Amino acid sequence: MNVLVIDDARVMRKIISNSINENYMGACRFFEARDGVEAMEMLLENHIDIAFVDWNMPNMDGLEFTRNVRDMDNYSDLKMIMITSEAARYMVVEAVKAGVTDYIVKPVVGQKLWGKIERYFLPEQ
Amino acid sequence: MKSDYINPFIKATENTFMEMMNVKVENSNPYVYRGAEDLYDVSAIIGLAGEARGLVVLSFSRESCLKFSEAFTGIKSDDIDEIVCDAIGEIVNIIAGNSKEGLLQFRIYISLPKVVFGKLDMRLPRNLPTITVPYESGLGPFNLTVGLKEEEQTDR
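## Concerning the overall build of chain A
Piece 1. Along the backbone of chain A there are five helices and five strands.
Piece 2. Moving toward the C terminus, one meets the helices and strands of chain A in the order β-α-β-α-β-α-β-α-β-α.
Piece 3. Projected onto the principal axes, the alpha-carbon positions of chain A cover approximately 35 × 30 × 25 Å.
Piece 4. The buried share among the 125 residues of chain A stands at 41%.
Piece 5. Within chain A, counting contacts between residues at least 6 apart in sequence, those at least 24 apart form 64% of the total.

## Thoughts on the overall build of chain B
Piece 1. When its secondary structure is counted, chain B shows three helices and eight strands.
Piece 2. Starting at the N terminus, the α and β elements of chain B follow one another as α-β-β-β-β-α-α-β-β-β-β.
Piece 3. Projected onto its principal axes, the C-alpha coordinates of chain B cover approximately 55 × 30 × 30 Å.
Piece 4. Expressed as a percentage of the 156 residues in chain B, the buried residues total 42%.

## A word on the interface of chain A and chain B
Piece 1. In this assembly, 16 residues from chain A lie in contact with 21 residues from chain B.
Piece 2. Top element by residues in the side of chain A that touches chain B is helix H1 (residues 10-23) of chain A. It accounts for four residues.
Piece 3. Counted by class, the side of chain A that touches chain B contains ten nonpolar, three polar and three charged residues.

## Considerations on H1 of chain A
Piece 1. If you check H1 of chain A, its first and last C-alpha atoms are 21 Å apart, about what 14 residues at 1.5 Å a residue would give, namely 20 Å.
Piece 2. For H1 of chain A, every residue scored as buried is listed here: Val11, Met12, Arg13, Ile15, Ile16 and Ile20 of chain A.

## Re the nonpolar core
Residue and element names in this part refer to chain B.
Piece 1. Core analysis: the biggest nonpolar cluster contains 78 residues, and Val56 and Ile88 have the highest contact counts within it.
Piece 2. Sort the elements by how many residues they give to this core and helix H3 (residues 82-99) lands first, with nine residues.
Piece 3. Dropping the residues within four chain positions of it, Val56 is found in contact with Phe9, Ile46, Leu48, Val92, Ile95, Ala96 and Val146.

## Regarding the pairing of strand E2 (residues 29-33) of chain A
Residue and element names in this part refer to chain A.
Piece 1. With five bridges joining them, strand E1 (residues 2-6) and E2 adopt parallel strand pairing. Opposite Leu4, over in E2, you have Phe31 as the bridge partner.
Piece 2. Each parallel crossover has a hand, and the one from E1 via H1 to E2 is right-handed.

## Considering the environment of Val109 of chain A
Piece 1. Looking at the secondary structure, you find Val109 of chain A in the loop between strand E5 (102-105) and helix H5 (110-120).
Piece 2. In this structure the C-alpha to C-alpha distance between Val109 of chain A and Ser19 of chain A, which are 90 residues apart in sequence, comes to 7.4 Å.

## Quick look at the packing of helix H1 (residues 3-21) of chain B against H3 of chain B
All names here are of chain B.
Piece 1. Contact geometry of H1 with H3 gives a least axis separation of 8 Å together with a crossing angle of 130 degrees. The orientation of H1 with respect to H3, classified from their angle, is oblique. By crossing handedness, the relation of H1 to H3 is classed as right-handed. Here H1 contributes Pro8, Phe9, Ala12, Thr13, Asn15 and Thr16 to the contact with H3, which in turn contributes Ile91, Ile94, Ile95, Asn98 and Ser99.
Piece 2. Here the residues of the contact of H1 with H3 sort into six nonpolar, five polar and no charged.

## Considering the sheet that holds E2 of chain A
All names here are of chain A.
Piece 1. Judged by pairing direction, the sheet is parallel, and its five strands sit side by side in the order E2-E1-E3-E4-E5 without closing on themselves. The sheet terminates laterally at E2 and E5, the two strands that pair on one side only. On average, adjacent strands in this sheet sit at an angle of 20 degrees to one another, irrespective of strand direction.
Piece 2. Against the sheet, helix H3 (residues 62-70) contacts E1, strand E3 (50-53) and strand E4 (79-84), and its axis sits at roughly 175 degrees relative to E4.

## Focus: H3 of chain B
Piece 1. Counted at 1.5 Å a residue, the expected span for H3 of chain B with its 18 residues is 26 Å, and the 26 Å between its end C-alpha atoms agrees.
Piece 2. Along H3 of chain B, 16 of the 18 residues are buried, which leaves the element largely enclosed by surrounding structure.

Reading the values: rules and limits
Residues numbered from 1 in each chain as written. Chains lettered and ligands numbered in written order. Predicted model: local features only at pLDDT ≥ 70, side-chain atom pairs only at ≥ 80, totals over all residues. Helix = DSSP H or I, 4+ residues; strand = E, 2+ residues; numbered from the N terminus. Buried ≥ 20, exposed ≤ 12 C-beta atoms within 10 Å, placed from the backbone. Contact = placed C-beta atoms within 7 Å. Nonpolar A, V, L, I, M, F, W, Y, C, P; charged D, E, K, R; others polar. Expected span 1.5 Å × (residues − 1). Core = buried A, V, L, I, M, F, W, Y, C linked by C-beta atoms within 7 Å. Pairing = 2+ DSSP bridges. Right-handed = clockwise from strand over helix to strand, strands pointing away. Axes fitted to C-alpha atoms, helices over the stretch in contact; angles between N-to-C directions. Parallel < 35°, antiparallel > 145°, perpendicular 65-115°, else oblique. Left-handed = near helix turned anticlockwise from the far one by under 90°.

What is shown is where atoms sit, not what they do.
This is the structure:
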């Protein structure tokens, strides 16, 4: 399973990747992007199965990235899980309207990530 | 500042440190922000805009900053490097974002965090109510400073 982790904070990218790898050791290949622009390039260069997307990022934020991806024919149904500090309900509504598959409010712990992967995409054994 | 405004930030601070780092933090009495003396060696700042505006600042001594960063990331740093700056920037980001759940009367947008060094003379708008909440923890002290003001509605 190819996992794309998009966050402007390198430590968050590492925390998310390491948390997922802890439960799915060897089953996932990780790709990282610092913002929506880099993430779009990753999608074009690689086949991505699931993306974990931060909201507040420079250049292209998570919301704009989500809308752009939903317009792509080959990624219109990409599983996109928004991981963000934005806890307010109106923000969740906005993200869902933009097209995210699911939403995790930071602080993020491993169980939350594993639960989303198991819910939407079981890795190949 | 109304206590209703500061309480979501206090709650978010305590939850974030406990959930993310398993660190219990305890605050003492908040007071009106005094200026540079309320800042330690390293501070992470995030701006708030929209129907209410202001800022959130987390300020750490160098020693406590390194300890909190290691607790957050699992990575030990000997100096305030990119990882440490990312870590405290992310912590203030989580606190600011989580606080919005207790401030639903305002539609607030948060900026990208910035990390600054030293006891800055932060020149805040004169009419921005700003409160400092001192914290103690097993990893050292830090201050949470919050400025928040409802945007005035203008008649058209």
